[in-house]
Amino acid sequence: MEQPAIFSATLGLSHPWQITAVSFSKDEKRMDITIDFAHGSTFTCPTCGKEGIACDGENETWYHDNFLQYATYLHVRVPRIECCCCGICTVERPWSREGSRFALLQ
Ligand SMILES: [Zn+2]
């Protein structure tokens, strides 16, 4: 599908992040994007840079008031990884890098 590829590029997502759903409401000028990850995938540890295997995930909602001209909600399962050096870590959210205007709602 073409559209999720555009969204992943804009959000800075690459494998093993996956966009699993996108929905628009033209009337409300609202977009909802659901982001998940593949079971058993590996992510980079934010502390030491080593690869860790995702062991579980936490649900988060992020909001941007004008993403591609839509009020946008990201519904994300953010993986927690088991790092051999640091223990359990929550990975970096690519869409929340400096300069991004996504804010964590909950
Ligand atoms: Zn680590």
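Here the focus is the layout of surface pockets. The computed volume of the largest pocket comes to approximately 180 Å³. In this structure, the largest pocket is lined by Gly12, Ser14, His15, Pro16, Trp17, Thr42, Phe43, Thr44, Val91, Glu92, Pro94 and Arg97. By residue number, the principal contributor to the lining of the largest pocket is strand 3 (residues 42-44), which donates three residues. Residues that form the lining of the largest pocket fall into these classes: five nonpolar, five polar and two charged.

Moving on, we come to the coordination of the zinc ion. Protein coordination at the zinc ion: the donors are Cys45 (SG), Cys48 (SG), Cys83 (SG) and Cys86 (SG), at 2.2 to 2.3 Å from the metal. Taken together, the four donor atoms surrounding the zinc ion define angles of 100 to 115° at the centre, an arrangement classified as tetrahedral. Here the donor residues for the zinc ion map to a single chain with the spacing C-x2-C-x34-C-x2-C. According to the relative accessible area criterion, Cys45 is buried, its value standing at 3%.

The next subject is the nonpolar core. Leu11, Trp17, Ile33, Ile35, Leu74, Val76 and Trp95 are the most contacted members of the largest nonpolar core, which totals 24 residues. Listed by contribution, the elements that provide at least two residues to this core are helix 1 (2-11), strand 1 (17-25), strand 2 (30-37), strand 4 (51-67) and strand 5 (70-83). Here the element with the most residues in this core is strand 5; it accounts for six residues. Excluding anything up to four places from it in sequence, Ile35 contacts Leu11, Leu13, Trp17, Gln18, Ile19, Thr20, Leu74, His75, Val76, Arg77 and Trp95.

As enumerated under the stated definition, the model contains five salt bridges in all. One salt bridge in this structure joins Asp32 and Arg30, with 2.8 Å as the shortest N-O distance. Judged by relative accessible area, which is 15%, Asp32 ranks as buried. Arg93 is paired through a salt bridge with Glu60; the nearest N and O atoms lie 2.5 Å apart. Here Arg93 is found in the loop between strand 6 (87-90) and strand 7 (103-104), whereas its partner Glu60 is found in strand 4, with 33 residues between them in sequence. Look at Arg93 and you get buried, because its relative accessible area is 18%.

Another aspect to go through is the confidence of the model for the protein. With 97% of its residues at a pLDDT of 70 or more, the protein has an overall mean of 93. The least confident element of the protein, judged by mean pLDDT, is helix 1 at 84; the most confident is strand 5 at 97.

Criteria and thresholds
- Residues numbered from 1 in each chain as written.
- Predicted model: local features only at pLDDT ≥ 70, side-chain atom pairs only at ≥ 80, totals over all residues.
- Heavy atoms only, no water.
- 1 Å grid on protein atoms, 1.4 Å probe; cavity = no way out; pocket = protein on both sides within 12 Å on 5 of 7 lines; lining within 4 Å.
- Points joined across faces, edges and corners; volume = space filled by probe spheres on them.
- Helix = DSSP H or I, 4+ residues; strand = E, 2+ residues; numbered from the N terminus.
- Nonpolar A, V, L, I, M, F, W, Y, C, P; charged D, E, K, R; others polar.
- Donors = N, O, S within 2.8 Å, 3.2 Å for Na, K, Ca; no water.
- Tetrahedral: all angles 85-135°; square planar, octahedral: opposite > 155°, others 65-115°.
- Buried < 20%, exposed > 50% of the residue type's maximum accessible area, 1.4 Å probe, protein only.
- Core = buried A, V, L, I, M, F, W, Y, C linked by side-chain atoms within 4.5 Å.
- Contact = heavy atoms within 4.5 Å.
- Salt bridge = Lys/Arg side-chain N within 4 Å of Asp/Glu carboxyl O.
- pLDDT = per-residue confidence, 0-100.

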